[in-house]
Amino acid sequence: MAPHDSTVENVEPLHFPPQDNLEHTKTMNEVISNAKRGSDEEHKMTLMQGIKLYPKAVAWSVLISTCICMEGYDVCLLSNFYAFPQFNKKYGEMLPSGEYQVPAPWQAGLSNGANVGEIIGLFINGYVSERFGYRYTVMTCLTLIIAFTAIFFTAKDVIALQVAEILCGIPWGVFQTLTITYASEVCPVALRGYLTTYVNFCWGLGQVIGVGVIRSMLGRTDEWAYRIPYALQWMWPVPLLVGIAMAPESPWWLVRKGRNEDAKKSLLRLTSLNKETNFNADETIAMMVHTTALEEKITEGASYWDCFKGTDLRRTEIICMVWAIQNLSGNSFSGYSTYFLQQAGLPDSTSFDFALGQYGINMAGVFGAWFLMSLGIGRRSLYLYGLCGLCTMLFILGFLGLVPEAHRDQGSMATGCIMLVWALCYQLSVGTVCYSLVAELSTRRLQIKTVVLGRNLYNIVGIICSVLTPYMLNPGEWDWGNYAGFFWAAICFCCIVYTYFRVPEPQGRTFAELDLLFERGVSARKFASTKVDVFEESIDGSVMEKYEGEKYSEKMALEKEVAS
């Protein structure tokens, strides 16, 4: 469907097209009335009201998102181990200069091993979590992590490390999407942007811990210099496993399964009633039922193939590209910051100090992005202008390669400083806002599968970048050094063009409103200004049948209780 560019001036709000209308029933009218009140309350809810009403949802979301720390920790270990003398001596080869270095093919292989495992895990998650629920899926993956970490700890050669990366990548792939989905489904609109982007803070936390551990091991010359960091991966799963066993299931998932009473119980476990809000659990559940029924009508099914049909094709494309742009904007280049700074002439200890500062900025950048969002700056604006800043700094990194050899030390320090500024700009925009965009722009019925497809494209692009980057920076291969910045700057510019024309603004919209905007083909640049009304439509289908059945059961139970 072509974009309706005239909708920016629309006086009357948009409605769903006539073919989505179905005959009204008494129960359906009740659902719409309750859902409208629930939606109005969410729109009026401020950030502080949301925190006061949903403190438990915030806590549970933070707990489950912490699973991402494990992947951030290991990815940080791997990329920084390439600049770690003890690791290179154990798993690398001697260069003509007498130094040890893991060969570029094996560097690419190890990084891609984790990506391959994540791709497998992501596709598995698309089926398993929707069938068995989020909690049980996460708990199973945490158990697998405990087992697979033993392979890292006992690895005798680089082949064993490769096997460990692939196997651990499977549960990591599940965490990549399930944590975001859970965060988006347990909180109201006012908190959605903050809790979904907290996932990125967890990446930074894992990376800071990882580089801090490596920095503390630089003084060791034995095998425990790299075995201790691997062993510390066991500190994550057990406490997380205990906490998540007590967490409530996503009420949206329960509604999709027709378990509306269980969804209400779960919702009440996520909230803490207070006088500042007119919260009504029945109205919120009715809003979930209404949205799910609408999506059941406009979406034919809930398979991977359905992600490429109708309006869901556009949503899948945007989510895939928003995630791929994280790598295409130069992220893989900055991921080798320690290795890069070493090759540029900085000593080992100074290189790791810069890396620690960069990962610390990654965490602080998330809070900076929250501050910018609290000022009313939209996700689209942060993403677009952030890419412009990243592109500029990548060009600067490239031009720093022209510094004469006589001023190599000064050039190295300038490179390190620009990388730190790049990291801050990335975390204030693309690195953080991406998680909010992918969680909000997909339908509820297809969210897990759509986010899985997007994250898999991210991993595929990551594989390509993981092959190219070691060759660009390795002195035994292409040895581009700073000039790699020109390559990534050109790619980043293309990402800016795509974002301007294709990425819409979801800020302040309920899931049903986003469904309507995509259904009517509204231009990405006009999402924020278009008026919508999702409650003029009638709904039915299997979701409504289950809802009516539960209402009838409640009525009969009440009558029986009165009669007795």
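Residues numbered from 1 in each chain as written. Predicted model: local features only at pLDDT ≥ 70, side-chain atom pairs only at ≥ 80, totals over all residues. Heavy atoms only, no water.

**Structural notes on the overall build of the protein**
(1) Moving on: Helix and strand counts for the protein come out as 24 helices and 2 strands.
(2) Moving on: Per-residue burial for the protein yields a buried fraction of 59% across its 564 residues.
(3) Moving on: Counted over contacts in the protein with a minimum sequence separation of 6, partners at least 24 positions apart contribute 83%.
(4) Moving on: If you sum the accessible surface of the protein, you get close to 21,600 Å²; carbon and sulfur atoms cover 63% of it. (Helix = DSSP H or I, 4+ residues; strand = E, 2+ residues; numbered from the N terminus. Buried < 20%, exposed > 50% of the residue type's maximum accessible area, 1.4 Å probe, protein only. Contact = heavy atoms within 4.5 Å. Areas by Shrake-Rupley, 256 points an atom, 1.4 Å probe, with all protein chains shown as cover.)

**Observations concerning the environment of Thr432**
(1) Moving on: Note on placement: Thr432 falls in helix H20 (residues 430–440).
(2) Moving on: What makes Thr432 buried here is its relative accessible area of 0%.
(3) Moving on: If we ignore the near neighbours within four places in the chain, the residues touching Thr432 are Thr197, Asn200, Gly365, Val366, Ala369, Tyr426 and Gln427.

**Regarding a nonpolar patch on the surface**
(1) Moving on: Taken together, the side chains of Phe395, Phe399, Leu402, Trp478, Trp480, Tyr483 and Phe487 define a hydrophobic patch exposed on the protein surface, amounting to about 700 Å² of accessible area.
(2) Moving on: Mapped onto the elements of the fold, Phe399 is located in helix H18 (residues 379–399). (Patch = residues over 30% accessible without salt bridge, like charges linked within 9 Å, V, L, I, M, F, W, Y side chains within 5 Å. Salt bridge = Lys/Arg side-chain N within 4 Å of Asp/Glu carboxyl O.)

**Description of the environment of Leu178**
(1) Moving on: Structurally, the position occupied by Leu178 is in helix H8 (residues 158–185).
(2) Moving on: Residue Leu178 is classed as buried on the basis of its relative accessible area of 2%.
(3) Moving on: Remark: the alpha-carbon pair of Leu178 and Val138, spanning 40 residues in sequence, is separated by 8.0 Å.
(4) Moving on: Among residues more than four places away in sequence, those in contact with Leu178 are Asn125, Ser129, Tyr134, Thr137 and Val138.

**A few points about the side chain of Arg135**
(1) Moving on: Tracing the backbone shows Arg135 in helix H7 (residues 134–154).
(2) Moving on: Despite its burial, Arg135 pairs with no opposite charge, the nearest such side chain being Glu249 at 5.0 Å.
(3) Moving on: At a separation of 2.5 Å, a polar atom in the side chain of Arg135 contacts the main-chain carbonyl oxygen of Ala247.
(4) Moving on: For Arg135, the residues in contact, after removing those within four places along its chain, are Ile244, Ala245, Ala247, Pro248 and Glu249. (Lys, Arg positive; Asp, Glu negative; His and termini not counted. Polar contact = N/O pair within 3.5 Å; in protein donor to acceptor, adjacent residues only side chain to side chain.)

**Describing empty space enclosed by the protein**
(1) Moving on: Scanning the model with the defined rule gives 4 cavities of 30 Å³ or more in all.
(2) Moving on: Surrounding the largest cavity, 38 residues form its lining, Val75, Trp203, Gln207, Asn331 and Tyr458 being those nearest its centre.
(3) Moving on: Where the lining of the largest cavity is concerned, the elements lending two or more residues are helix H4 (68–81), helix H6 (104–132), H8, helix H9 (189–217), helix H15 (310–334), helix H17 (348–374), helix H19 (408–428) and helix H21 (447–473).
(4) Moving on: Its residues placed into classes, the lining of the largest cavity shows 14 nonpolar, 19 polar and 5 charged.
(5) Moving on: In this structure, the second largest cavity is lined by 20 residues; those nearest its centre are Glu42, Cys187, Trp252, Met287 and Phe511.
(6) Moving on: The element that contributes the greatest number of residues to the lining of the second largest cavity is helix H14 (residues 281–298), accounting for 4 residues. (1 Å grid on protein atoms, 1.4 Å probe; cavity = no way out; pocket = protein on both sides within 12 Å on 5 of 7 lines; lining within 4 Å. Points joined across faces, edges and corners; volume = space filled by probe spheres on them. Nonpolar A, V, L, I, M, F, W, Y, C, P; charged D, E, K, R; others polar.)

**Observations concerning the packing of aromatic side chains**
(1) Moving on: Using the criterion set out here, one finds 26 aromatic pairs in the structure.
(2) Moving on: Measuring from ring centre to ring centre gives 6.0 Å for Trp323 and Tyr435, while their planes differ by 85 degrees; the resulting arrangement is edge-to-face. Placement of Trp323 in helix H15 and of Tyr435 in helix H20 is noted, with a sequence separation of 112 residues between them.
(3) Moving on: You can call Trp323 buried: its relative accessible area is 0%.
(4) Moving on: On the accessibility criterion, Tyr435 (3% relative accessible area) is buried.
(5) Moving on: Relative to Trp370, the ring of Phe367 has its centre 5.2 Å away and its plane inclined at 90 degrees; by these criteria the two rings are edge-to-face. In this pair, Phe367 and Trp370 are both assigned in helix H17, 3 residues apart and thus about one turn of the helix distant. (Phe/Tyr/Trp six-rings, centres within 6.5 Å; stacked < 30°, edge-to-face > 60°.)

**A few points about the pattern of salt bridges**
(1) Moving on: Scanning all chains against the criterion turns up 11 salt bridges.
(2) Moving on: Across the pair Asp282 and Lys264 runs a salt bridge whose closest N-O atoms are separated by 3.1 Å. One end of the pair, Asp282, is in helix H14; the other, Lys264, is in helix H13 (residues 260–270), and 18 residues separate them in sequence.
(3) Moving on: Looking at Asp282, the relative accessible area reads 34%, which means it is partly exposed.
(4) Moving on: When its relative accessible area of 24% is taken as the criterion, Lys264 is described as partly exposed.
(5) Moving on: Several salt bridges converge on common partners, so that one network encompasses Glu130, Glu185, Arg256 and Arg444.

**Comments concerning the packing of H15 against H21**
(1) Moving on: Look at H15 against H21: their axes get within 8 Å of each other, and the N-to-C directions meet at 20 degrees. In terms of their interaxial angle, H15 and H21 are classed as roughly parallel. The element H15 and its partner H21 pack so that their crossing is right-handed.
(2) Moving on: The class makeup of the residues in the contact of H15 with H21 is 14 nonpolar, 9 polar and 2 charged. (Axes fitted to C-alpha atoms, helices over the stretch in contact; angles between N-to-C directions. Parallel < 35°, antiparallel > 145°, perpendicular 65-115°, else oblique. Left-handed = near helix turned anticlockwise from the far one by under 90°.)

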